[in-house]
Amino acid sequence: MIFGATGDLAKRKLFPSLYRLYQEGRLSERFAVIGVARRPLSNEEFQKNVEDSVLTAVGEAGDISEFITHFYYHSHDVTDSSSYLSLKEMAQKLDTQYSLAGNRIFYLAMAPEFFGTIAEHLKVDGLTDVDGFKRLVIEKPFGHDLESAKQLNKQIRKAFSEDEIYRIDHYLGKEMVQNIEVIRFANAIFEPLWNNRYISNIQVTSSEVLGVEERGRYYETSGALRDMVQNHMLQMVALLAMEPPIRLTTEEVRSEKVKVLRAMRSLDGDMVEEFFVRGQYDKGVMDNEEVPAYREEPMVDPASNTESFVAGKLLIDNFRWAGVPFYIRTGKRMKTKSTKIVIQFKDIPMNLYYKSEQTLNPNLLVIHIQPEEGITLYLNAKKTGQHMNATPIKLNFSNKGVHGINTPEAYEKLLFDCMRGDATNFTHWDEVALSWSFVDKISEVWENTKAKNFPNYESGTMGPKEADQLLKKDGFFWWPVT
Ligand code: BG6
């Protein structure tokens, strides 16, 4: 059951991902999807929506008419028990018709204020009373801060146990985010160096070209810190910093990530200004077109204090990472759409190839998350010619180039994982809670002190100059990601 079946996420991601799974034979014929949303629609109208969304996403789809017969629609009032009872009836009928053995996935792809209410109704009105498995997939935001997240968790835990809850962080479904641990733990040349003796700093950038678009109302209550840092950015940091799990089970992987989040130095008061930078985009020209400032976007307060950019320095106080800064930055209306991780290794003790006009470049390992997927290793080698000069060289691996096919969409992988009952790439409650308690300290300061210089970066740039200062203070700079 997809709650929010007429919404944007269902249309852009969920239907096309289900279709791809179907096409690949990962969904048997024994499945049914009930689209649940408020507006009245017939099954046929809903099926037509699904078809349109799939065709828009994948172009040609030969078996689409067969695929859409699996879709049904229920017009629903999320606060009304009688609505749940008729939904239950519909589900029971489909259960028999498709021999589903009572297995149910409830996907909440809608406004977060209803997450708790829906979960409670699902239990009280008997929809979770099944012989098979029952799983709840829940989209972000999981709360607005630690307190509200706790409350929400309490509500959904009345109906689902922790191992039945699949909290989506779609970054965890990205191919190259999943590759972080393989690159680290399957290579003898990296893991021995993966610590404060050999790594000088790590930089994680996730920049976006788009502005807030029509999401102003939500974004005003969120900002980049809650929207991107609390979840996606901290999850990438946890994967980069965690210890090798003793095995690849859900429990072991999550428990290593939790330890990283626990070791993250919490920032109080003045430390926030020292370790974090916020930004808000001004108007600018992108792709030869003028784009408005954040404060001119629809549903945005013309004097808004909301940040559309965050850069920060994280310190992980454990044996492996003591003294190594993890710099993160993310923002909207930046120069380029790109998610990249740069691991900068320490300089060698002495440079034999030093010429006055030339310094040796540090070794870098770059993990390209998107849009390209791959890794680049920057080394130094002899410059061809008579002299013993060093020059930087690049070893490149491109995921797309090798396999020649599109890597699966994050949502496709996550939906499939959920059907198989594998929660490794979903966030455990402990991760959510620790991330919120870190982020809350920063939002507290930012909410209580109005940013004096907003807007402070022009659309189409890499953010405010303070973000560069943040690294400069430590003797570093952001490696270019474009
Ligand atoms: C979402 C945020 O979680 O991630 C959006 O709410 C953001 O504001 C998006 O645009 C970025 O995801 P991706 O996969 O495009 O990097």
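Throughout, a residue's number is its position along its own chain's written sequence, starting from 1. Only residues with pLDDT of at least 70 are given local features in this predicted model, and only at 80 or more are side-chain atom pairs given and counted; all residues enter the totals for whole chains, interfaces and linings. No hydrogens and no water enter the side-chain calculation; it runs on all heavy atoms of the structure.

- The protein is annotated in an unreviewed UniProt entry as Glucose-6-phosphate 1-dehydrogenase from Cytobacillus dafuensis.
- UniProt positions are given in the numbering used here, feature names are shortened, and annotations may be inferred rather than shown by experiment. Within the UniProt record for the protein, the comment given under Function (unreviewed entry) is "Catalyzes the oxidation of glucose 6-phosphate to 6-phosphogluconolactone."
- The Sequence similarities (unreviewed entry) comment attached to the protein in UniProt states, word for word, "Belongs to the glucose-6-phosphate dehydrogenase family."

Let's talk about the UniProt feature "binding site: substrate" (unreviewed entry) in the protein
Thought 1: On the UniProt side, "binding site: substrate" (unreviewed entry) is annotated at positions that read His170, Lys174, Glu208, Asp227, Lys332 and Lys337 here.
Thought 2: Contacts: residue pairs with any heavy atoms within 4.5 Å of one another. In contact with His170, other than residues within four places in its own chain, are His232, Ala410, Tyr411 and Leu414.
Thought 3: In this fold, Glu208 is placed in the loop between strand E7 (199-207) and helix H8 (216-241).
Thought 4: A residue is classified by how much of its surface remains accessible, and Glu208, at 13% relative accessible area, is buried.
Thought 5: Ignoring sequence-local partners within four residues, the contact set of Glu208 consists of Met228, Gly331, Lys332, Arg333, Met334, Thr336 and Lys337. Working definition: helices are DSSP H or I runs of at least four residues, strands are E runs of at least two. Numbering for both runs from the N terminus. Summary of the burial criterion: residues with accessible area below 20% of their type's maximum are buried, those above 50% are exposed, and those between are partly exposed, where the area comes from a 1.4 Å probe applied to protein chains only.

What to know about the domain arrangement of the protein
The extent of an interface is frequently quoted as the accessible surface area lost upon association of the parts.
Thought 1: As far as domains go, the protein holds domain 1 (2-139) and domain 2 (172-404 + 428-473).
Thought 2: Relative placement of domain 1 and domain 2: their C-alpha centres are 35 Å apart. Note that domain bounds follow an automatic or database assignment of domains.

Some details on the environment of Val285
Thought 1: Considering the arrangement of structural elements, one finds Val285 in strand E10 (residues 284-286).
Thought 2: Contact partners of Val285, with chain neighbours within four places excluded, come to Glu290 and Ser459.

A word on the side chain of Thr424
Thought 1: Tracing the sequence through the fold places Thr424 in the loop between helix H12 (410-420) and helix H13 (429-448).
Thought 2: Given the relative accessible area of 11%, Thr424 is considered buried.
Thought 3: Each polar contact in these results corresponds to two N or O atoms within 3.5 Å; when the atoms are within protein, one needs to be able to donate a hydrogen and the other to accept it, and residues that are neighboring in sequence are counted only if both atoms are side-chain atoms. Polar side-chain contacts of Thr424 include one of 2.9 Å to the side chain of Thr250.
Thought 4: Setting aside residues up to four positions removed in sequence, Thr424 forms contacts with Thr249, Thr250, Val253 and Arg254.

What about the sheet that holds strand E4 (residues 104-108)?
Thought 1: Pairing between two strands is assigned when DSSP locates at least 2 bridges connecting them. Reading across from one edge, E3-E2-E1-E4-E5-E6 is the order of the six strands in this open sheet, with parallel pairing throughout. Of all strands in the sheet, those with a lone pairing partner are strand E3 (71-75) and strand E6 (165-167), marking the two edges.
Thought 2: As defined by bridge partners, strand E1 (residues 2-3) adjoins E4 across two bridges and the pair is classed as parallel. Note on E4: the bridge partner recorded for Ile2 is Tyr107.

Quick notes on the sheet that holds strand E8 (residues 276-279)
Thought 1: Pairing is mixed in the open sheet, where eight strands are placed in the order E8-E12-E13-E7-E14-E15-E16-E17. Two strands close off the open sheet at either side, each with one partner strand: E8 and strand E17 (390-398). Neighbour to neighbour, the strand axes of the sheet diverge by 15° on average, direction disregarded.
Thought 2: In the sheet, E7 pairs with strand E13 (residues 325-331) via six bridges, with the strands oriented parallel. Bridging from a neighbouring strand, Ile202 pairs with Phe326 of E13.
Thought 3: Contacts from helix H14 (residues 465-472) reach E7, E8, strand E12 (309-315) and E13, with the element oriented near 15° to E12. Convention adopted: a line fitted to C-alpha atoms gives each axis, helices being fitted over their contacting stretch, and angles between N-to-C directions are expressed from 0 to 180 degrees.

Observations concerning the site of the ligand
Thought 1: Being near a molecule or strand, for a residue, comes down to having at least one heavy atom within 4 Å of it. The environment of the ligand is formed by Lys140, His170, Tyr171, Lys174, Glu208, Arg215, Asp227, Met228, His232, Lys332, Lys337 and Gln370.
Thought 2: Between the ligand and the protein, one listed contact pairs an oxygen atom with a side-chain N or O atom of Tyr171 at 2.5 Å.
Thought 3: A distance of 2.7 Å separates an oxygen atom of the ligand from a polar side-chain atom of His232.
Thought 4: To be clear on the numbers: accessible area is Shrake-Rupley with a 1.4 Å probe, and residue cover counts the displayed protein chains and nothing else. For the ligand, the accessible surface in isolation is 400 Å², of which the surrounding protein chains cover 81%.
Thought 5: Per-class residue counts for the shell around the ligand are two nonpolar, three polar and seven charged. Charged means Asp, Glu, Lys or Arg here, nonpolar means Ala, Val, Leu, Ile, Met, Phe, Trp, Tyr, Cys or Pro, and polar covers whatever is left, Gly included.

Digging into the environment of Leu100
Thought 1: Checked against the element boundaries, Leu100 lands in the loop between helix H4 (81-97) and E4.
Thought 2: Leu100 has contacts with Arg30, Phe31, Leu94 and Asp95, leaving out every residue within four places of it along the chain.

Looking at the nonpolar core
Thought 1: Throughout this description, the term nonpolar core refers to a set of buried Ala, Val, Leu, Ile, Met, Phe, Trp, Tyr and Cys residues connected via side-chain atoms within 4.5 Å. Within the largest apolar cluster, 106 residues are counted, with the highest numbers of intra-cluster contacts made by Phe3, Phe276, Phe326, Ile341 and Ile343.
Thought 2: The element that contributes the greatest number of residues to this core is H8, accounting for 13 residues.
Thought 3: With residues near it in sequence (within four places) discarded, Phe276 still touches Leu225, Leu267, Val310, Ala311, Gly312, Lys313, Leu314, Ile328, Phe438, Ile442 and Trp446.
Thought 4: Core analysis: the second largest hydrophobic core is formed by 35 residues, Ile2, Phe67, Tyr73 and Phe426 among them.

Remarks on the pattern of salt bridges
Thought 1: Here, a salt bridge means any side-chain nitrogen of Lys or Arg that lies within 4 Å of a carboxyl oxygen of Asp or Glu. This structure, assessed with the given rule, holds 25 salt bridges.
Thought 2: A salt bridge links Glu164 to Lys134; the nearest nitrogen and oxygen atoms lie 3.1 Å apart. Of this pair, Glu164 sits in the loop between helix H6 (146-157) and E6 while Lys134 sits in strand E5 (residues 134-138); the two residues are 30 residues apart in sequence, bridging distant segments of the chain. When sorted by exposure, Glu164 lands in the same class as Lys134, which is buried.
Thought 3: The salt bridge partner of Arg265 is Asp317, with a shortest N-O separation of 2.9 Å. Taken together, the residues span a long stretch of sequence, with Arg265 in the loop between helix H9 (250-263) and helix H10 (270-275) and Asp317 in the loop between E12 and E13 at a distance of 52 residues.
Thought 4: The exposure class of Asp317 is partly exposed, given its relative accessible area of 40%.
Thought 5: Taken together, the shared-partner salt bridges connect Arg184, Glu191, Glu243 and Arg320 into one network.

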